[in-house]
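# Fold and geometry: a report
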Amino acid sequence: MSTPIAVQKRAEELRSQLEFHNYRYYILDDPEISDAGYDRLLRELQDLEAQYPELVSSDSPTQRVGATPLPSFGEVRHAVRMLSLENAFSDEELREFDRRVRDRLGTEQVDYAGEPKLDGLAVSLFYRGGTLVQAATRGDGVTGEDVTLNVRTIKSVPLRLSGGDLPDELEVRGEVYISHDGFRSLNEKALAAGEKPFVNPRNAAAGSLRQLNPRITAQRPLDIYCYGVGKRVGGKTATTHSGILDQLRDWRLRVYPGIRRLEGIQGCLDYFSEMAGKRDSLPFDIDGVVFKVDRLDQQAALGTIARAPRWAIARKFPAEEEQTRVTDIDVQVGRTGALTPVARLEPVFVGGVTVTNATLHNEDEVHRKDVRPGDTVIVRRAGDVIPEIVRVIPGKGVRAEPFRMPESCPVCGSAVVRAEGQAVSRCTGGLYCQAQRKEAIKHFAARRAMDIEGLGSSLVDQLVDRELVHDVADLYALTVEQLADLERMAEKSAENLIAALGKSKSTTLARFLYALGIREVGEATAQSLSQSFGTLDKLMSADRALLEAVPDVGPVVASSIVAFFAEPHNREVIAKLREREVHWPDVEVAKELPLAGKTFVLTGTLETMKRDELKARLQGLGARVSGSVSIKTDYVVAGEKPGSKYDRAKELGIEILDEKACLALLGE
Ligand code: D41
């Protein structure tokens, strides 16, 4: 049975439409039809081909993914040798290249084409009569591997060329790569499937292209940019490299849009700076820029030495990844007490600078990468990002012990704790630790804490830097003379500050607790604690269970409080504060909290505080705060623009308090 002419025609029509839409989507990145529209066309063609199998041709869009895995790759001898590129690692080396080119050509200025150097794999695509018939890796330049079935699965590789002046035979060269997005999603999938992730996009591209099963390759986000032509028979030849690239584009091959003609060496230097600036924002890895003499007659005159053309050079960026050795792992303490492990490295030039340290972020990160002193590691520094250890290179011989977070702070010796479920380890000596001094003092002096007027941030910096103050208690030993000596401090303001310090000594337990800067203890919690314990000594000797009985205090807050007061350094500073007459009245602890048994509902926007804050304070006094109004509700607190809860309260005849009335209830 022969295929009806009308069917043959329709199949041909569908193929060119599909090729065209593929081109719009994958090459121009500007689709004309929806994915569903594309699928409809594809399905129609698949149906026709199923009905009339003799219609199927190898360049049909239905035939991208081959069915059967190969036993191994065949060898391909390149019709024209695939040359390699010489490298220039500095502007000076690039200038020397240009000088050599001009000397040989005997001209004053040579024009170049500049293009990014993609960090992927070089391949050659062989088209006969406009149809892709073979694809090969570069291999050693003379012979490569036959990866035709795999390359056919790359959507941006046309199975059929289109356009005018098509050569009878055309060997296109290009770079197969995986974009950053593609790499990320590929590795997410690998991790989800419990497989080992790829170390970088280049390795992922190489691994994907060298799959014996093209069905696997078809699922990899491979892409291509074409940068040149090898063998060519027939068709009209361009006279410049940029002209060739224009032809490739016309034939629907994918060519990088930012390739430019450059005038002389200055053009090259400018283009290099431009691309260096763009490097981090490009959606794929590049490791440099390639410059090629643009005129083909000049290329021919220059010729080739050894394995590289005299008319092209790669100006390489500094590598973003290098190998070095970890000499030690130190632990740094941040100004809020967070401990950060830092790898000390044998100096290595990477990403354009010499790197001697790399952060390891936290304990889990060190263990995940299993970095130990003495290890050889890959260090990465991309753009302005801080250097990182990518991975350890397994070595021979005995390794150091696995890293362990110190149990005491390397700065002040206080105990180190790591809260449950958190990645950070922290020094608990918040009041004492030199690393946290400035932050602790600034917080202590804040308006809502001890309210020391005039003790601002820069003044604290000066006091600490000049070693006049080591901890918050030292503030109360300062003299007018000492203060008047500081920058931007007159006698009068020094006197004012001393007066403010004096005034701040008389405070409340809640303020004092908040001022200590205990982690997780904000104003509302400090209130709650003060109400529940009444005295500092009772609070300091409370255990976790007792603390957790306080409204608004959960296990994390309780542990943080226990750890803070367990640290002798903190207790010393507190004792010193009391010796220097910081005092507060004891708080009367109601047998039963004043609002115990009362249920509140909050609605609308409050003027003086956040709803959560009011909620915490009400809870501190024993109240229950509910989200909905019912007959069990005792009070509804209504702020600005109250919602339906307000109407409901009115309906049920429940007492409605405005903000002021509520604060009065809180004793303010
Ligand atoms: O982007 C690239 N990786 C790239 C590689 C490029 N843009 N141009 C290239 N040009 C050549 C010559 C000049 C030799 C035709 C290349 C390569 N070669 C190349 N890729 C791998 C080895 C050589």
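Bear in mind the structure is a predicted one, so any value in this text is a computation, not a measurement. (Residues numbered from 1 in each chain as written. Predicted model: local features only at pLDDT ≥ 70, side-chain atom pairs only at ≥ 80, totals over all residues. Heavy atoms only, no water.)

### Some points on the overall build of the protein chain
The condition is simple: Working definition: helices are DSSP H or I runs of at least four residues, strands are E runs of at least two. Numbering for both runs from the N terminus. All radius of gyration figures rest on C-alpha atoms, and the globule criterion is 2.2 Å times the number of residues raised to 0.38. Only protein chains enter the accessibility calculation, which uses a 1.4 Å probe. A residue is then buried if its area is under 20% of the maximum for its type, exposed if over 50%, and partly exposed in between. In what follows, a contact means two residues having at least one pair of non-hydrogen atoms within 4.5 Å.
Tallying secondary structure elements over the protein chain gives 24 helices and 24 strands in all. For the protein chain, the C-alpha radius of gyration of 36 Å lies well beyond 26 Å, the compact-globule estimate for 668 residues. Taken along the three principal axes of its C-alpha coordinates, the protein chain extends 100 × 70 × 50 Å. Looking at the 668 residues of the protein chain, the share that counts as buried comes to 47%. The contacts of the protein chain with a sequence gap of at least 6 include a subset with a gap of at least 24, amounting to 67%.

### Digging into the environment of Val 333
Structurally, Val 333 is set in strand β14 (residues 321–333). Classification of Val 333 as buried rests on a relative accessible area of 14%. Not counting chain neighbours up to four residues away, the residues in contact with Val 333 comprise Ala 338, Leu 339, Cys 409, Pro 410, Val 411, Cys 427, Cys 433 and Ala 435.

### As for the sheet that holds strand β21 (residues 599–603)
Sheet strands pair via backbone hydrogen bonds, and the direction of the pair is either parallel or antiparallel. Rule in force here: Being paired, for any two strands, means DSSP has found at least two bridges between them. The convention used is that axes are lines fitted to C-alpha atoms, helices contributing only their stretch in contact, and that angles between N-to-C directions extend from 0 to 180 degrees.
Across the sheet, which stays open at both edges, the 4 strands sit in the order β22-β21-β23-β24 with parallel pairing between neighbours. Looking along the sheet, the strands with just one partner apiece sit at the ends: β22 (624–626) and β24 (655–657). If you compare each strand with its neighbour and ignore which way they point, the axes differ by 30° on average. By the bridge criterion, 3 bridges tie strand β23 (residues 635–638) to β24 in an arrangement that is parallel. From the neighbouring strand, Tyr 635 faces β24, where its bridge partner is Glu 655. This element, helix α22 (residues 611–620), spans β21, β22 and β23 of the sheet and lies at about 170° to β21.

### Thoughts on the nonpolar core
What counts is decided by this rule: For our purposes a nonpolar core is just a set of buried Ala, Val, Leu, Ile, Met, Phe, Trp, Tyr and Cys residues, chained together by side-chain atoms within 4.5 Å.
By size, the foremost hydrophobic cluster in this structure holds 62 residues, and its most contacted members are Leu 125, Tyr 127, Leu 248 and Phe 291. Ranked by residue count, the leading element in this core is helix α9 (residues 264–278), at 6 residues. When sequence neighbours within four positions are dropped, the list of residues in contact with Tyr 127 reads Leu 132, Val 157, Pro 158, Leu 159, Leu 161, Asp 168, Glu 169, Leu 170, Val 172 and Leu 253. Residues Val 472, Leu 497, Tyr 514 and Ile 518 belong to the second largest nonpolar core, which totals 54 residues.

### Focus on unusual backbone geometry
Although it is not a glycine, Arg 252 adopts a positive phi angle of roughly 75°. With respect to the helices, strands and loops of the structure, Arg 252 is situated in the loop between α8 (241–250) and β9 (260–263). Residue Arg 252 is classed as buried on the basis of its relative accessible area, which comes to 17%. The backbone of Glu 467 sits at a positive phi, close to 60°, despite the residue not being glycine.

### A short note on the sheet that holds β9
Strand order in this open sheet of 5 strands is β2-β13-β10-β3-β9, and the pairing throughout is mixed. With one partner strand each, in any of the chains shown, β2 (87–88) and β9 form the two edges of the open sheet. Strand direction decides the pairing type here: strand β10 (residues 286–293) and strand β13 (residues 312–316), joined by 5 bridges, are antiparallel. Paired with Val 290 across the two strands is Ala 314, which belongs to β13. Running at roughly 170° to β13, helix α3 (residues 91–105) makes contact with β2, β3 (111–118), β10 and β13 of the sheet. The strands touched by α9 are β3, β9, β10 and β13; relative to β9, the strand with the most contacts, the crossing angle is about 130°.

### Structural notes on the packing of helix α12 (residues 437–445) against helix α13 (residues 457–465)
Selection rule: With respect to orientation, any angle under 35 degrees is reported as roughly parallel, any angle over 145 as roughly antiparallel, any angle of 65 to 115 as roughly perpendicular, and every other angle as oblique. Should the near helix be turned counterclockwise from the far one by less than a right angle, the crossing is left-handed, whereas a clockwise turn marks it as right-handed. The nonpolar class holds Ala, Val, Leu, Ile, Met, Phe, Trp, Tyr, Cys and Pro. Asp, Glu, Lys and Arg form the charged class, and all remaining residues, Gly among them, are polar.
It is at 10 Å that the axes of α12 and α13 come closest, and there the two elements cross at 135°. It follows from the interaxial angle that α12 and α13 lie oblique. For the element pair α12 and α13, the recorded crossing hand is right-handed. Residues Arg 437, Lys 438, Ile 441 and Lys 442 of α12 touch α13, and the partners they reach there are Ser 457, Val 460, Asp 461, Val 464 and Asp 465. Split by residue class, the contact of α12 with α13 holds 3 nonpolar, 1 polar and 5 charged.

These figures capture arrangement, not role.
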